[in-house]
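Listed below are the residues making up each chain.
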Amino acid sequence: MSDAVSYTTSGDIAVVTIDSPPVNAVNQAVRAGLKQVFTELEGQTRIKAIVLGCAGKTFVAGADIKEFGTGIAAPGYHEVLRLIEDSPVPVIAAVHGTALGAGTEIASSCHYRVAHEGARFGLPELSLGIIPGAGGTQRLPRLVPLDVALDMMLSGKPLPAAKAMEAGLVDCVASSEVVAAAVAFAKELVAKGAGPRRTREQAVKGVEQVVELFAAKRAQIAKTMRNRQSPLALLDAVQAAVEKPFDQGLQVESALSAQLEQATESRALRHLFYAEREVRKIPGLSADVKPRAITRVGIVGAGTMGGGISMCFANAGIPVTILDTAQANLDRGMATIGKNYERSVSRGSLKPEQRDQRLGLITPTLDYAALGTADVIIEAVFENMALKKDIFAKLDAVAKPGAILGTNTSTLDIDEIATVTKRPQDVIGLHFFSPANVMQLLEIVQCSKTAADVVVTALEIAKTIKKTGVVAKVCYGFIGNRMMDPYGREAEHCVLEGATPEEVDSALESWGMAMGILAVYDMAGIDIGHLTRVARAHLLPRDPGFYRPSAMLTERGWIGQKAGRGYYRYDGAGGKRAVDPEVIAMLHEEGQRLGIPQRKPGRDEIVERCLYSMINEGALLLEEGIALRASDIDVVYTAGYGFPRYRGGPMFYADTVGLKVIYDKIMEFQKTLDPQHWQPAPLLKKLALAGSSFGQYQAEQSR
Ligand code: COA
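Residues numbered from 1 in each chain as written. Predicted model: local features only at pLDDT ≥ 70, side-chain atom pairs only at ≥ 80, totals over all residues. Heavy atoms only, no water.

Bringing helix 12 (residues 304-315) into the picture now. For helix 12, built from 12 residues, the straight-helix expectation of 16 Å at 1.5 Å per residue is met to within 8% by its first-to-last C-alpha distance of 16 Å. Judged by how many residues are buried, helix 12 sits mostly within the fold: 10 of 12 residues are covered. Note on helix 12: the residue one or two positions beyond its end, G317, has a positive phi of about 80°. (Helix = DSSP H or I, 4+ residues; strand = E, 2+ residues; numbered from the N terminus. Expected span 1.5 Å × (residues − 1). Buried < 20%, exposed > 50% of the residue type's maximum accessible area, 1.4 Å probe, protein only.)

This is the structure in structure tokens:
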């Protein structure tokens, strides 16, 4: 028997165990082990039933992603799953933890499924740009109704055991240890004389309104999964399950899977899977550096950010003390938090008792002394250096020794803030994104004196509050906002040249950005970005005094959604954006007044200018050491800035375009547009001329 798969017998029941740490992902060793064990068991006539379970914290959590795109070594999935399904005696999957991807496919090739009550079943392959390739698209619709199968595969959301049982995927939910429960279930089957129940021999379920169902799913994909090929391939594979015999359906699935695995979409999404795990690893940091304990948190500022950050900790069960300078602010802040939780209760995503428990963890205060017991205190007031310094001096006086002092600043020099404390080693940037309780990203800004264990603690905090923490160094705007600057500059310049805001945003949105940058400015408040740029013009990356249309809009009070007007018009709060001819005319006139040649940049040009300027800035961040890795930048942009995941993030996308292509375009724009702004980053130039890529550069750096 192999290390990865072994079995024991107890009377006439065999218990097969997959043991492939950390998450029992299926690789060649697991497939070979299953083949060997099931072949051996087939020859043992005294065995009357087989239970298949996993060691460790979870059932199989997927195919081993490292094997994707490599052409896997024999035995293949179909051979092994067929062997399990063909077993002459009943095979019962014993599922605990998360059966994901190949895990659900293996369980589906078993004849029966017993699940622990905490178990979940999912087919998240689309999140990796592929479709289930081990028979999942053919077997799942034979176990659960077609609409449920499609929802599971399109959403990727795992189904909890109880729901899986309702749908027909699970035969028995156990509240005790699952393998023992599955053995008991197996004994009952044997006693009843029940034989194998092969999934492939069942009919597809719930096919009454199949035409309407597929039409609705195609429409849903066109709307919510634009530019992607794997969801459409998924529908084709499931349609084959409905229309063709099992083996032919399997062939359709295999052919589509093989194509998708090689496609850019899947490479991009796999890149992000690893990038999101890589961000937790800080080069050069010894494994001996341990995080500080975080059991109590303080927040300064009860505004939108402070409230949202408080919710993140309360949601994780950590008590929070939230401070503001006026009772009215505290009352307003607490009321907003209450309203947010209330909305979750009315949507059904939170139970009333959970709301009460979370609210009970948040204590408002006007007294700095109340922050004295906090292990980490996060300041979240508006962007003003003098104010932040004043707050940090006060925090330095009351915080206990070893407490971490975090600032939520998005642009200010945190090294300077740290100077007012006697503990710069404990000061760090914790840049949340609005709304903080929703947005995935946490930029962790390591200052020149921040201690290593403070960085490690910040990464641990991110994990605890279920955010993706990415470490950056101090500079204007850190990673995210610094790259936004040239990106926004090009978008605004396109408008001054003659494009409308709608043309710019729709080009970016069709390409895949969740929201066009000008609409983002309207949402965030045009005044905020404008005033920050004016206050710190000397720090702007190669952008001294560049004319911004945002200045004109701010002067007129057309500062975006909150004013009902900005680059667009808005009717009512949260209203839909509408074209504003007056703003368009004003900005085009301004472009003429400034002597900017009037023309309409095409959609491709808009996308190239916006993205290539952003990528160029990313290359500068890498050279300056502000970002640790190109893939960290990709995580920042996909987790925090609405960059389409299926394009892998700006730096991965640059590699797919080719750095030489981008470099040549930048040189062209230098001649045709603006020599000052279009200067290639030296790193980009070097890699482009060497025929290299950001990916290769990262691999070389990590060696
Ligand atoms: N293939 C290869 N490695 C995998 C893997 C897979 N399918 N799933 C997880 N891993 C690795 C991770 O890379 C990580 O490795 P590292 O410690 O070297 O960084 C390790 O297993 C632990 O994973 P992590 O995500 O950090 O653990 P977790 O406890 O937070 O989450 C899961 C566990 C299973 C929920 C999560 O890993 C997951 O969703 N995995 C992907 C599942 C999937 O998409 N399967 C379908 C593939 S077809």
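Turning our attention to the nonpolar core. Of all hydrophobic cores here, the largest spans 92 residues; its most connected members are I479, V504 and F694. If one sorts the elements of this core by residue count, helix 24 (residues 603-624) sits on top with 11 residues. Both domain 2 (297-473) and domain 3 (480-701) contribute no fewer than three residues apiece to this core. Ranked by size, the runner-up nonpolar core spans 72 residues in total, among them Y77, A134, V170 and L260. (Core = buried A, V, L, I, M, F, W, Y, C linked by side-chain atoms within 4.5 Å. Domains from an automatic or database assignment.)

Around the ligand there are 19 residues in total, and K57, A61, A63, I65 and R277 lie nearest to it. The side chain of K57 places a nitrogen or oxygen atom 2.8 Å from an oxygen atom of the ligand. Here an oxygen atom of the ligand sits 3.5 Å away from a polar atom, N or O, in the side chain of K281. Within the shell around the ligand, the residues separate by chemical class into 11 nonpolar, 1 polar and 7 charged. (Near = heavy atom within 4 Å. Polar contact = N/O pair within 3.5 Å; in protein donor to acceptor, adjacent residues only side chain to side chain. Nonpolar A, V, L, I, M, F, W, Y, C, P; charged D, E, K, R; others polar.)

When the domains of the protein are assigned, the result is domain 1 (5-261), domain 2 (297-473) and domain 3 (480-701). Taking only C-alpha atoms into account, the centre of domain 1 sits 44 Å from that of domain 3.

Here the focus is the sheet that holds strand 2 (residues 13-18). Spatial strand order, 1-2-3-4-6-9: 6 strands in an open sheet with mixed pairing. Of all strands in the sheet, those with a lone pairing partner are strand 1 (5-10) and strand 9 (172-174), marking the two edges. Strand after strand, the sheet turns through a mean of 20° between neighbouring axes, direction not considered. The sheet contact formed by strand 2 and strand 3 (residues 49-54) spans 6 bridges and is parallel. Residue pairing across strands places V16 opposite L52, the latter belonging to strand 3. (Pairing = 2+ DSSP bridges. Axes fitted to C-alpha atoms, helices over the stretch in contact; angles between N-to-C directions.)

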